[in-house]
Amino acid sequence: QDTFNFTIQEGPSVTLGVNDPFCEEIIGFNPEISSFGGDIDFWSWALCDTTGAQVLTGTTQDPEFDFSQTGVFEIKVNVSSNECGTVSDAVELIIQENENVIISGFEGFYCQGSGLDTLNAFPLGGEWSGDGITNNELGIFDPSALNPGIYQLSYSVDNGPCSSADTIELEIVS
């Protein structure tokens, strides 16, 4: 009678976690791994664009990616075992474009007794701040509430992981 010794190896497993969106670029980005286990001999990573084309690859358990293109991408990982095959997982990665704030349509000065004015800025949906602002969402400015002098008003937009702001300086004259 022959005796055999053998080992049953656990097959590889991997589950990726959700990655928060980024603004403009990723530097030293390490994809979130929720869990992994089993017999893993090889790691293979790919960052793919919407056509499925690989734009970055990595072959370590903890790759670090640097990338400065905006859009929606897919992170794919394959883990392989020489004995037990290959498994994979994929998650979405969003790299959002930042929109620069532009304040427009003001003269730079107001007379102290002037009436309300609605300030303009792009993109919409931001918040105004500063002395004389009576409605921070609509950009309503009341110069009659201020004494003569120089004032700064700011407009800022938070858009997920991106934020942008601009500041103007204006003068109230008597």
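As a starting point, this report considers the structure included with it. (Residues numbered from 1 in each chain as written. Predicted model: local features only at pLDDT ≥ 70, side-chain atom pairs only at ≥ 80, totals over all residues. Heavy atoms only, no water.)

1. Examining the overall build of the chain
Cut-off, in case you're wondering: Helix and strand definitions here come from DSSP, where helices need a minimum of 4 consecutive H or I residues and strands a minimum of 2 consecutive E residues; each element is numbered from the N-terminal end. For a compact globule the rule gives 2.2 Å times the number of residues to the power 0.38, and the radius of gyration it is set against comes from C-alpha atoms. Buried, partly exposed and exposed residues are distinguished by accessible area as a fraction of the type maximum, computed with a 1.4 Å probe on protein chains only: under 20%, between the cut-offs, and over 50%, respectively. Any two residues whose heavy atoms approach within 4.5 Å are treated as being in contact. Computed with a 1.4 Å probe, the accessible areas rest on the Shrake-Rupley method; for each residue, only the protein chains presented here act as cover.
In terms of regular secondary structure, the chain is built from zero helices and 18 strands. The C-alpha radius of gyration of the chain comes to 27 Å, more than 25% above the 16 Å expected for a compact globule of 174 residues. The principal-axis extents of the C-alpha atoms in the chain amount to approximately 110 × 25 × 20 Å. Buried positions account for 32% of the 174 residues belonging to the chain. The contacts in the chain between residues at least 6 apart in sequence include a share of 56% that link residues at least 24 apart. Just so you have it, the chain exposes about 10,500 Å², and 44% of that area is on carbon and sulfur atoms.

2. Considerations on the pattern of salt bridges
Quick reminder of the rule: A carboxyl oxygen of Asp or Glu within 4 Å of a side-chain nitrogen of Lys or Arg is what we treat as a salt bridge.
Within this structure, the stated rule accounts for one salt bridge. K76 is the partner of E74 in a salt bridge, and the nearest nitrogen-oxygen pair spans 3.7 Å.

3. Section: the state of the cysteines
Applicable threshold: Counting rule for disulfides: a pair of cysteine sulfur atoms within 2.5 Å.
What the rule picks out here adds up to one disulfide. For C23, the disulfide goes to C162, at an S-S distance of 2.1 Å. One disulfide, between C23 and C162, carries an S-S torsion of 115° and so falls in the right-handed class. Of this pair, C23 sits in strand β2 (residues 22–23) while C162 is found in strand β18 (residues 162–173), placing the two residues 139 residues apart along the sequence. Residue classification places C23 among the partly exposed residues on the basis of a relative accessible area of 23%. Taking the relative accessible area as the measure of exposure, C162 reaches 2% and is therefore buried.

4. Quick look at a negative patch on the surface
Applicable threshold: Like charges are joined within 9 Å and nonpolar side chains (Val, Leu, Ile, Met, Phe, Trp, Tyr) within 5 Å, but only among residues with over 30% relative accessible area and no salt bridge; these make up the patches. Just so you know, the count uses Lys and Arg for positive and Asp and Glu for negative, and it drops His and the chain ends. A charge is said to be at NZ when it belongs to Lys, at CZ for Arg, at CG for Asp and at CD for Glu.
Where like charges cluster on the molecular surface, the negative patch consists of E24, E25, D62, E64, D66, E97 and E99. Looking at the element boundaries, E64 is found in the loop between β6 (54–58) and β7 (65–67). What makes E64 exposed here is its relative accessible area of 63%.

5. A look at the sheet that holds strand β14 (residues 127–129)
Convention followed: Whether two strands pair depends on DSSP finding at least two bridges between them. The convention used is that axes are lines fitted to C-alpha atoms, helices contributing only their stretch in contact, and that angles between N-to-C directions extend from 0 to 180 degrees.
Ordered in space as β11-β18-β17-β14, the four strands form an open sheet in which the pairing is mixed. A single partner strand is all that each edge strand has here, and the edge strands are β11 (109–111) and β14. For this sheet, the mean angle separating the axes of adjacent strands, direction not counted, is 30°. Direction of pairing for β11 relative to β18: parallel, over a ladder of three bridges. Residue Y110 lies in a different strand from β18, and its bridge partner there is I172.

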